[in-house]
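Residues per chain are reported as follows:
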Amino acid sequence: MAITTRNPREAGPVELDDIDRGLLRMLTENARRTNNSLAEELGIAPSTCLARLNALRSAGVIRRFTLEIDPEVLGHALEALIFVKIRPGARHLMSSFAEEMRAKPGVTQLFFLGGADDFLIHVAVRDSKDVRQFVLDNLSANPAVATTQTSLVFEHSQGAVPWL
């Protein structure tokens with residue numbers, strides 16, 4: 001096995017072999033698969049599969065297992081990306097701004113950026129009125145925010161994981 005238990009914060013990349021990559025690829029497609037089905041498809045013993053999975057978690061390769069929810073099914077059919085610039089005199093508020101935004105209803109992802117913008121906020125809301133209200137209530141009214149730019153998302157899909 002290519003992976004040994006280590007501190008996930010330790011410097012240096014983890015080496016993956018074909019079995020590790022196959023296991024990660026299958027779990028990326030469906031994290032609810034049973035250990036036995038994973039082992040069978042990989043052609044290894046269930047105990048080996050479980051040991052591999054545990055090693056990947058211990059090494060920090062697998063951070064968590066998540067659930068993907070379709071916002072449209074829940075009535076949040078509109079997604080938008082909101083680029084935010086923080087005022088130069090308010091840089092000390094960036095951490096608290098990030099925490100505040102992560103807690104807002106509708107925020108699905110928050111990115112702290114390098115470049116022209118400071119943050120990118122991905123929201124899923126009911127309609128354009130909700131996007132407008134989100135910007136007015138949470139960004140335009142925030143004294144730390146200098147500017148915002150909103151782009152509507154027409155389609156959102158996940159790409160292939162290039163390192164698997």
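Look above for the structure.
Numbers given to residues run from 1 along each chain, matching the order in which its sequence is written. The predicted origin of the model limits local features to residues at a pLDDT of at least 70 and limits the giving and counting of side-chain atom pairs to 80 or more, whereas totals for whole chains, interfaces and linings rest on all residues. No hydrogens and no water enter the side-chain calculation; it runs on all heavy atoms of the structure.

With respect to the packing of aromatic side chains
Here's step 1: Aromatic pairs are defined between Phe, Tyr and Trp rings, using the six-membered ring for Trp, whenever the two ring centres lie within 6.5 Å; interplanar angles under 30 degrees are classed as stacked, those over 60 as edge-to-face, and all others as tilted. Across all of its chains, the model carries two aromatic pairs by this definition.
Here's step 2: Pairing Phe-112 with Phe-119 gives two aromatic rings, centres 5.4 Å apart and planes at 40 degrees, and the pair type is tilted.
Here's step 3: Phe-112 sits in the exposed class, given a relative accessible area of 61%.
Here's step 4: Burial classification: accessible surface area is computed with a 1.4 Å probe over protein chains only, and a residue below 20% of its type maximum counts as buried, one above 50% as exposed, and the rest as partly exposed. Residue class for Phe-119 comes out buried when judged on its relative accessible area of 2%.
Here's step 5: Following the ring pairs from residue to residue traces out a cluster consisting of Phe-97, Phe-112 and Phe-119.

Here we look at the pattern of salt bridges
Here's step 1: Salt bridges are counted wherever a side-chain nitrogen of Lys or Arg sits within 4 Å of a carboxyl oxygen of Asp or Glu. Throughout the structure, instances matching the rule amount to seven salt bridges.
Here's step 2: A salt bridge links Asp-17 to Arg-52; the nearest nitrogen and oxygen atoms lie 2.9 Å apart. Of this pair, Asp-17 sits in the segment before α1 (18-29) while Arg-52 sits in helix α3 (residues 46-58), placing them 35 residues apart in sequence.
Here's step 3: According to the relative accessible area criterion, Arg-52 is buried, its value standing at 7%.
Here's step 4: Linking Asp-18 and Arg-21 is a salt bridge whose minimum nitrogen-to-oxygen distance equals 3.0 Å. In this pair, Asp-18 and Arg-21 both sit in helix α1, three residues apart, roughly one turn of the helix.
Here's step 5: Ionic contacts of the salt-bridge type, sharing partners, join the residues Asp-17, Asp-20 and Arg-52 into one network. Each helix is a run of H or I in the DSSP string that is no shorter than four residues. Each strand is a run of E no shorter than two, and both are numbered from the N terminus.

Re the packing of helix α2 (residues 35-42) against α3
Here's step 1: Between α2 and α3, the shortest axis-to-axis distance is 8 Å and the interhelical angle comes to 105 degrees. Comparing the axis directions of α2 and α3 gives the class roughly perpendicular. Contact with α2, carried on its side by Asn-35, Asn-36, Leu-38, Ala-39 and Leu-42, involves Pro-46, Cys-49 and Leu-50 of α3 and no other residues of that element.
Here's step 2: When residue character is reported, Ala, Val, Leu, Ile, Met, Phe, Trp, Tyr, Cys and Pro are called nonpolar, Asp, Glu, Lys and Arg charged, and the others, Gly included, polar. A breakdown of the residues in the contact of α2 with α3 according to their chemical character gives six nonpolar, two polar and no charged. Inter-axis angles, ranging from 0 to 180 degrees, are taken between N-to-C directions of lines fitted to C-alpha atoms, where helices are fitted over the stretch in contact. Should an angle fall under 35 degrees it is called roughly parallel, over 145 degrees roughly antiparallel, and 65 to 115 degrees roughly perpendicular, with every other angle called oblique. Contacts are residue-level and defined by heavy atoms, with any inter-residue pair within 4.5 Å sufficient.

Overview of the side chain of Glu-79
Here's step 1: Inspection of the secondary structure assignment puts Glu-79 in strand β1 (residues 78-86).
Here's step 2: In this tally, Asp and Glu contribute negative charge and Lys and Arg positive charge; neither His nor the terminal groups of the chain are included. This buried residue, Glu-79, is left without a salt bridge; Arg-64 holds the nearest opposite charge, at 15 Å.
Here's step 3: In protein, a polar contact requires one atom able to donate a hydrogen and another able to accept it; more generally it is a pair of N or O atoms within 3.5 Å, and residues adjacent in sequence count only if both atoms are side-chain atoms. In terms of polar contacts, Glu-79 uses its side chain to reach the side chain of His-122, at 2.6 Å.
Here's step 4: Polar contacts involving the side chain of Glu-79 include one to the side chain of His-156, which spans 3.2 Å.
Here's step 5: Glu-79 has contacts with Pro-71, His-122, Val-123, Ala-124, Leu-152, Val-153 and His-156, leaving out every residue within four places of it along the chain.

Some thoughts on the pairing of strand β3 (residues 119-125)
Here's step 1: Buried residues dominate β3, accounting for seven of its seven residues.
Here's step 2: Side chains of β3 alternate between two faces, with Phe-119, Ile-121, Val-123 and Val-125 and Leu-120, His-122 and Ala-124 buried alike.
Here's step 3: Any two strands with at least two DSSP bridges between them are considered paired. Two elements, β1 and β3, share seven bridges in a ladder whose sense is antiparallel. Residue Leu-81 lies in a different strand from β3, and its bridge partner there is His-122.
Here's step 4: Judged from the five bridges that link them, strand β2 (residues 107-112) and β3 form a sheet pairing that is antiparallel. Its bridge partner being in β3, Val-107 is matched across the sheet by Val-123.

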